[in-house]
Amino acid sequence: MTSLAELATIVDEAASTAIAIPQLTESLPGLSVEDAYAIQALSLARRRARGERRAGYKMGLTSRAKMQQVGVSEIIWGRLTDAMRLIEGGDLVRSRYVHPRVEPEIAYIIGKPLEGDVSAAEALAAVEAVAPAMEIIDSRYRDFKFALPDVVADNSSSSGFYVGSWAKASTDVANLGIVMEVDGRPVQIGSSAAILGNPIRSLVSAARLVARAGERLEPGDIVMAGGATAAYPLTPGQYVRTTFQSLGAVAFSVVA
Ligand code: 0L1
Ligand code: MG
């Protein structure tokens, strides 16, 4: 029987070498979601042992478009580290990933601790600022195919994130138009309302779900609220720019 620590090593090495692995559930069909979150925590502990620092959390599958794209219909979450933060306007090196995709998101930065069952008003009161953002997701599983325990163990596909200019916490982000362009051509058009009807609900879910793992949202944590549209595949040579109504734009270039 493979231990949870051994499984964490497998997903961590796949992420750091960008070599795809078979789904864990192929050999372990009974793997539970609870064990998958334990594998995720152990794989992040390996990153922290290498010097990476906590940067916050990502929420995943918070929109219908995302759920349909990957065939999993449950909100999931993962952990962000400082090494995953990418320089807005800079280059994304394609060879560091297995098969990266990008999706437009809203990011929150936390100003006060937030934990457990909270209301939307309480969540908003804990927000220091809000920003336009993009997440780079990269499943470490072959063909970007997985079951729920696989993706959870794989840090919910989190690989990188871009954050644009921070705006006041009071900025209304409930229903903002979003256009993601590649080389000037719109590839995804949507609204922040696609994120659970209002991205603040994603923050409410984050507080509740991380509490199950004995954690809470801490001041300085960034919370990525989840993709507002389906994710788009990345290849070298692309220039990706996403414009968020009233929040501004976030961009990067893909290099080999
Ligand atoms: O919304 C998300 O960030 C989902 C991540 C997991 C599924 C995927 O890789 O698309
Ligand atoms: Mg995402």
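Numbering of residues starts from 1 in each chain and follows the order in which that chain's sequence is written. Lettering for chains starts from A, numbering for ligands starts from 1, and both go in the order in which the items are written. Where local features are concerned, this predicted model is filtered to residues with pLDDT of at least 70; where side-chain atom pairs are given and counted, the filter is 80 or more; whole-chain, interface and lining totals use all residues. Hydrogens and water molecules were not included; the side-chain quantities draw on all heavy atoms of the structure.

- The name given to the protein in an unreviewed UniProt entry is 4-oxalocrotonate decarboxylase, and the organism recorded there is Methylocella tundrae.

## Describing unusual backbone geometry
Leaving glycine out, the prevailing phi sign among residues is negative, and the prevailing peptide bond configuration is trans.
In step 1: Positioned with a positive phi, Leu-61 is a non-glycine residue whose angle comes to about 55°.
In step 2: Here a strand is any run of E in DSSP of at least two residues, a helix any run of H or I of at least four, and the numbering for each starts at the N terminus. With respect to the helices and strands, the residue Leu-61 is situated in the loop between β1 (54-60) and α4 (64-70).
In step 3: Here Asn-155, not a glycine, exhibits a phi torsion of approximately 55°, which is positive.
In step 4: Mapping Asn-155 onto the fold places it in the loop between α6 (148-153) and β6 (158-163).

## Quick notes on the site of ligand 1
In step 1: The environment of ligand 1 is formed by 14 residues, the closest being Lys-58, Leu-61, Lys-66, Glu-103 and Ser-157.
In step 2: Under this definition, polar contacts are N or O atom pairs within 3.5 Å; protein pairs additionally need one hydrogen-donor-capable and one acceptor-capable atom, and for neighbouring residues in sequence, both atoms have to be side-chain atoms. At 2.9 Å, a backbone N or O of Leu-61 approaches an oxygen atom of ligand 1.
In step 3: At 2.9 Å from an oxygen atom of ligand 1 is found a side-chain nitrogen or oxygen belonging to Lys-66.
In step 4: Burial of ligand 1 by the surrounding chains reaches 100%, relative to a free accessible area of 300 Å². Distances are taken per atom, and a residue is near a molecule or strand as soon as one of its heavy atoms is within 4 Å of it. Computed by Shrake-Rupley with a 1.4 Å probe, the accessible areas treat only the displayed protein chains as cover when residues are assessed.

## So, the packing of helix α1 (residues 4-17) against helix α3 (residues 33-49)
In step 1: Axis definition: a line fit to C-alpha positions, over the contact stretch in the case of helices; interaxial angles, taken between N-to-C directions, run 0 to 180 degrees. As a packed pair, α1 and α3 sit with axes 8 Å apart at the nearest point and diverge in direction by 60°. Of the possible angle classes, the one that applies to α1 and α3 is oblique. For the element pair α1 and α3, the recorded crossing hand is right-handed. For the pair formed by α1 and α3, the contact residues are Leu-4, Ala-5, Leu-7, Ala-8, Thr-9, Val-11, Asp-12, Glu-13 and Ala-15 on the first element and Asp-35, Ala-38, Ile-39, Leu-42, Ser-43, Arg-46 and Arg-47 on the second. An angle below 35 degrees is treated as roughly parallel, one above 145 as roughly antiparallel, one from 65 to 115 as roughly perpendicular, and anything else as oblique. In this scheme the crossing of two helices becomes right-handed for a clockwise turn of the near helix relative to the far one and left-handed for an anticlockwise turn of less than a right angle. Only heavy atoms matter for contacts: two residues are in contact if any of them lie within 4.5 Å across the pair.

## Some words on α3
In step 1: Between the first and last residue of a helix there are one fewer steps than residues, each counted as 1.5 Å, and that sum is the expected span. With 17 residues, α3 should reach 24 Å at 1.5 Å per residue; the first-to-last C-alpha distance of 24 Å fits that figure.
In step 2: Looking at the packing, one finds that the buried side of α3 touches α1, α2 (24-27), β2 (76-81) and α6.
In step 3: Two residues or fewer after α3 comes Gly-51, characterised by a positive phi angle close to 110°.

## Details of the coordination of the magnesium ion (ligand 2)
In step 1: Those protein atoms acting as donors to the magnesium ion (ligand 2) are Glu-103 (OE), Glu-105 (OE) and Glu-135 (OE), and they sit at 1.9 to 2.0 Å.
In step 2: Exposure remark for Glu-105: the relative accessible area of 0% places this residue in the buried category. Excluding water, the donors of a metal are its N, O and S neighbours within 2.8 Å, or within 3.2 Å for Na, K and Ca, and that exclusion means sites may look incomplete. For the exposure calls, accessible area comes from a 1.4 Å probe over protein chains only, and a residue counts as buried if that area is under 20% of its type's maximum, exposed if over 50%, partly exposed in between.

## Side note on the nonpolar core
In step 1: Throughout this description, the term nonpolar core refers to a set of buried Ala, Val, Leu, Ile, Met, Phe, Trp, Tyr and Cys residues connected via side-chain atoms within 4.5 Å. Ranked by internal contacts, the top residues of the largest apolar core, which has 70 residues, are Leu-203, Leu-217 and Phe-252.
In step 2: Residue contributions to this core peak at seven residues, all from helix α7 (residues 200-211).
In step 3: Residues contacting Phe-252, with those up to four places away along its chain left out, are Gly-89, Gly-90, Leu-92, Val-102, Met-134, Ile-136, Tyr-162, Leu-234, Gln-238, Tyr-239 and Val-240.
In step 4: Grouped together as the second largest cluster of nonpolar side chains are twelve residues, Ala-55, Ala-107, Ala-129 and Ala-131 included.

## Some words on the packing of aromatic side chains
In step 1: Pairing of aromatic side chains requires ring centres within 6.5 Å, counting the rings of Phe and Tyr and the six-membered ring of Trp. Pairs whose planes differ by under 30 degrees are stacked, by over 60 edge-to-face, and all others tilted. Across all of its chains, the model carries four aromatic pairs by this definition.
In step 2: Their ring planes at 20° and their centres at 5.0 Å tell us that Tyr-37 and Trp-77 sit as a pair that is stacked. With Tyr-37 in helix α3 and Trp-77 in strand β2, this pair connects stretches of sequence that are 40 residues apart. We note that Tyr-37, like Trp-77, is buried.
In step 3: A ring pair is formed by Tyr-57 and Trp-77, whose centres lie 5.8 Å apart and whose planes are at 65°; its orientation type is edge-to-face. Taken together, the positions of Tyr-57 in strand β1 and Trp-77 in strand β2 put the pair 20 residues apart, joining distant regions of the chain.
In step 4: Three or more aromatic residues link up through ring pairs in this structure, and these residues are Tyr-37, Tyr-57 and Trp-77.
In step 5: Here, a charge over a ring is recorded when the distance from Lys NZ or Arg CZ to the ring centre is within 6 Å and its angle to the ring normal is within 35 degrees. Lying over the aromatic face of Phe-144, Arg-101 brings its terminal NZ or CZ to 3.7 Å of the ring centre.

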